[in-house]
Amino acid sequence: MSITLAELARALDADVLGDTDVCITGLASLTSAKTGDLVFVESENNLATALASEASAVIAGDFACKVQASKSLLLCTHPRLAFAKAADLVLAGSSHMAQIHESAEIHLTAQLGLSVSVAANAVVGANAKIGEGTSIGEGCVIGEGVEIGTNSKLYPRVTIYPGTRLGDNVVVHAGAVLGSDGFGYVKDPAIGEYVKFPQIGALIIEGDVEIGANSTIDRGALDSTRIGRGTKIDNLVHIGHNVQVGHRVVIAAQTGISGSAIIEDDVVIAGQVGIADHVRIESGAILGAQSGIPTNKVIRGKGVVFWGTPARPIKEYLKQLAALTRLTRGKD
Amino acid sequence: MSITLAELARALDADVLGDTDVCITGLASLTSAKTGDLVFVESENNLATALASEASAVIAGDFACKVQASKSLLLCTHPRLAFAKAADLVLAGSSHMAQIHESAEIHLTAQLGLSVSVAANAVVGANAKIGEGTSIGEGCVIGEGVEIGTNSKLYPRVTIYPGTRLGDNVVVHAGAVLGSDGFGYVKDPAIGEYVKFPQIGALIIEGDVEIGANSTIDRGALDSTRIGRGTKIDNLVHIGHNVQVGHRVVIAAQTGISGSAIIEDDVVIAGQVGIADHVRIESGAILGAQSGIPTNKVIRGKGVVFWGTPARPIKEYLKQLAALTRLTRGKD
Amino acid sequence: MSITLAELARALDADVLGDTDVCITGLASLTSAKTGDLVFVESENNLATALASEASAVIAGDFACKVQASKSLLLCTHPRLAFAKAADLVLAGSSHMAQIHESAEIHLTAQLGLSVSVAANAVVGANAKIGEGTSIGEGCVIGEGVEIGTNSKLYPRVTIYPGTRLGDNVVVHAGAVLGSDGFGYVKDPAIGEYVKFPQIGALIIEGDVEIGANSTIDRGALDSTRIGRGTKIDNLVHIGHNVQVGHRVVIAAQTGISGSAIIEDDVVIAGQVGIADHVRIESGAILGAQSGIPTNKVIRGKGVVFWGTPARPIKEYLKQLAALTRLTRGKD
């Protein structure tokens, strides 16, 4: 696919310095750019490198407005953001045609919207509903009655249990499991064995959510697990039953969230964080990597970074680390 | 499926207060209950809410015996346990008929018991034995010679390597990998490269075990890895080669157990715990979330909670945290 | 498959004490050995047990050279290494014949080398290239244009995204996802939502790499993620976009490596370690289990063990733990 700089500038509401007829066919980093590629720079320090690269055009901030440039510039307030948006336009043509592969097993009662793709060996269960423009990757298993919105994309080998609903523009990477049983048992004192507590609730994933490879999100026990609109989840993340995740939450790889925890809007959670059951992380808090939040705790502080186990404000944590270091001075 | 309160009371050995002809068709929480649903309350505090809900009947403790109730009550010593058992009865009818899907690839030499289900695109290898009433989900891969007991349930896309045996009533959630190679190499000093140590042992999973989505359990190197009867394993758990896990062990999400560790009966392991190789966790110990047990350690103390890395009794750990906090007072 | 001790001795450059015509048909531990099995001992302490076992032959160190043995001995400088190498020879015959299963979906434009196996329900995309002797397990999904070298082995249900290249002799265990999108977004201040940063780089996995079950390795954002020759990766490991991993790196289970980190040659990383973005771990460093390396840090020290979060040399960490313990003495 190819797009001219003039078209990109219009779409991004950016100014062009230089030739507006340049054709952009790809995106690249400063070190790998070739002819036809678009690159971006966020500070003046990298501008010379960008101009010396083989790229055909450079997205830059206002700092570049007076440069006598050897190649075309797109001037924007947020170069990284403009580059991300440009990617959508440049790469748009590379998506495949809607197609139902002959090896896909689609139940007679499943309802597929227009332009739905179902790839080889995928299975779509009874009464499932797949919205217009959604694509189901190779080997996916879509359980009975599952509903998926429009323009969503499931990469290969995603499993969705019955009782799960996905919104529009949801992206799920390979191997993710959505709607699996939560982890709940009751010990029977008469026999000393565990009896399974019913795990029959729903899993609701709202629109614009992205879920990483091999992540697992459990259905509710009796009520629902919910992932709010615009939330982004990395690889190998675990989210337990009844968890409520708000809007635009970011959850990095290998984090685990236990049952009935509440993660409010705009929380940022780094990698390998552990959140125990019934915790509440209030809006806008930031949890540092590997931090741990014990059962029933409430974490509040918009923009405050918490770290450690049990997690405390990072300033406090760093002071404690420093005190610990002082303690061992001269003790060899 | 529908069951009367009289039938439930008989099965649960409970007393009914009120109409015994009420039909129960589902289970729910206090907030989501509709007509036909059964709910439960464990304390008197929630009884009024339960009675005000739309539920058709309430499981409650003896505290409710004198209530002038507006709906039928089932009185039991352990309401949560009774509710869990009731779920089995109420939901029993919802399971599917035994069926071998035409797209399943079942080797000629595989032996399937009566009423075995094999779903679409599942693969059952040579000489595998699947016990009566067991169901194999979509896209599962059952390796050569694998044995699975009766009434077990494999959700979609489970992979079982050759050399693995599963008992009766085992449940394995989607994406789990059972019997993969352990992580063992020997460095060859002549060339400075790693040579793989043979990973040819078995994996034995006893009856009544449940294994969460995308968890991985490795086969033994030369001997066996073993998961004892009644043990429950959450999502994204890793269990290494030669590990011996006892009966009724509970292992929460994202915990990792390294090679040759021994976890005795009735141990409870919270989420994201790390257990190094050759550790022994003695019967009944409890490991708090994110705790870490270094190589060769023995953890003992029935009912004692351990926390931190390296894990110590929680009382000690909390004292140390408090001391650390005191150290930094007035140091701003 | 069967091999004589004489043949083994020749291949391993070892000396035989005793009968060289003994036939070896398997490998075992000291406790499980049966007739036909080979066992090994690394110290004199275990020699008597080995000789008393049912094994047909014993690999031992030079310490055994004067033993009046009741069974044949293979004498080597590195018994464990010799045993690992012997395993390759003894087990060599057990591999399957090359075969393309009729249910495999192989694109017309895919190029398969000689003796390539593709198992049931595997999918090989357009323009993929699979090298001679490589086997693709059941249900694997090999994306468009993926290249895999010779003699590699993919266990069932591996997913490889387009843009990924694997070298020769690579082993990938079940459920692993290679080349998935990295986790990168840009917040759009105008609407407060995340816009995806392009994740269109490559993933390059060099020869002799082994990757554990359900691990995930992301493609680069604009450039490449690279895993160097001879590196061994355990189960449920996450490796983010643009990460550069050197040669012979060992990464134990559940470790996570964030974007753009650099792991140099011969680094050893224990389980559940967290490495933040843009970290550099210099050649030969050793990271203890659960340790955490904060953003932008450089860890150096060949053979030095680091532990804790933030990771510090283990001697320092242990001193701090000891100081903390002293602080709480007599404070009950």
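Above this text sits the structure in question.
Basis of the calculations
Residues numbered from 1 in each chain as written. Chains lettered and ligands numbered in written order. Predicted model: local features only at pLDDT ≥ 70, side-chain atom pairs only at ≥ 80, totals over all residues. Heavy atoms only, no water. Phe/Tyr/Trp six-rings, centres within 6.5 Å; stacked < 30°, edge-to-face > 60°. Helix = DSSP H or I, 4+ residues; strand = E, 2+ residues; numbered from the N terminus. Buried < 20%, exposed > 50% of the residue type's maximum accessible area, 1.4 Å probe, protein only. Lys NZ or Arg CZ within 6 Å of the ring centre and 35° of its normal. Least-squares fit on C-alpha atoms with pLDDT ≥ 70 in both. Salt bridge = Lys/Arg side-chain N within 4 Å of Asp/Glu carboxyl O. Contact = heavy atoms within 4.5 Å. Buried area = accessible area lost by both parts, 1.4 Å probe. Polar contact = N/O pair within 3.5 Å; in protein donor to acceptor, adjacent residues only side chain to side chain.

Draft legend 1. Seen up close, the packing of aromatic side chains. Applying the stated criterion to the full structure yields 21 aromatic pairs over all chains. The interplanar angle of 65° and the centroid separation of 5.8 Å between the aromatic rings of F197(B) and F40(C) together place this pair among those described as edge-to-face. Placement of F197(B) in the loop between β22 (193-196) and β23 (202-205) and of F40(C) in strand β5 (residues 37-40) is noted, with the two residues assigned to different chains. When its relative accessible area of 13% is taken as the criterion, F40(C) is described as buried. Between W307(B) and Y317(B) the ring centres are 5.0 Å apart and the planes differ by 65°, which places this aromatic pair in the edge-to-face class. Of this pair, W307(B) sits in strand β39 (residues 305-307) while Y317(B) sits in helix α4 (residues 314-327), and the two are 10 residues apart along the sequence. You'll find W307(B) and Y317(B) in the same group, each marked buried. By the ring-pair criterion, three or more aromatic residues cluster together here, those being F40(A), F83(A) and F197(C). One cation-aromatic arrangement involves K153(A) over Y155(A); the distance from NZ or CZ to the ring centre is 4.8 Å.

Draft legend 2. Structural view of the relation of the copies chain A and chain B. If you rotate chain A by 120° and push it 0.0 Å along the axis, it lands on chain B with an RMSD of 0.0 Å. Such values leave the two copies arranged in the relation of a three-fold axis.

Draft legend 3. Inspection of the pattern of salt bridges at higher detail. Using the criterion set out here, one finds 36 salt bridges over all chains in the structure. As a salt-bridge pair, K196(A) and D181(A) come within 2.5 Å of each other at their nearest N and O atoms. Separated by 15 residues along the polypeptide, K196(A) in strand β22 (residues 193-196) and D181(A) in the loop between β20 (177-180) and β21 (185-188) bring together distant segments of the chain. Exposure remark for K196(A): the relative accessible area of 27% places this residue in the partly exposed category. Between R229(C) and D208(C) there is a salt bridge whose closest N-O contact spans 3.0 Å. Of this pair, R229(C) sits in the loop between β26 (224-227) and β27 (232-233) while D208(C) sits in the loop between β23 (202-205) and β24 (210-211); the two residues are 21 residues apart in sequence, bridging distant segments of the chain.

Draft legend 4. Broad picture of the relation of the copies chain B and chain C. The transformation that overlays chain B on chain C combines an axial shift of 0.0 Å with a rotation of 120°, and the residual RMSD is 0.0 Å. Residue by residue, only 16% of the interface of chain B is reproduced at the interface of chain C, so the copies engage with different surfaces.

Draft legend 5. Representation of the interface of chain A and chain B within the structure. Taken together, the 57 residues of chain A in the interface contact 54 residues of chain B. Summed over both sides, the interface between chain A and chain B buries roughly 4,300 Å², with carbon and sulfur atoms accounting for 60% of that surface. Interface area lost by chain A to chain B is led by F183(A), Y194(A) and K319(A), which between them contribute 14%. At the boundary of chain A with chain B, the tally comes to 5 salt bridges. Where R229(B) meets E193(A), a salt bridge forms, and the shortest distance between an N and an O atom there is 3.0 Å. Run the count over chain A and chain B and you get 30 residue pairs in polar contact (both at pLDDT 80 or more).

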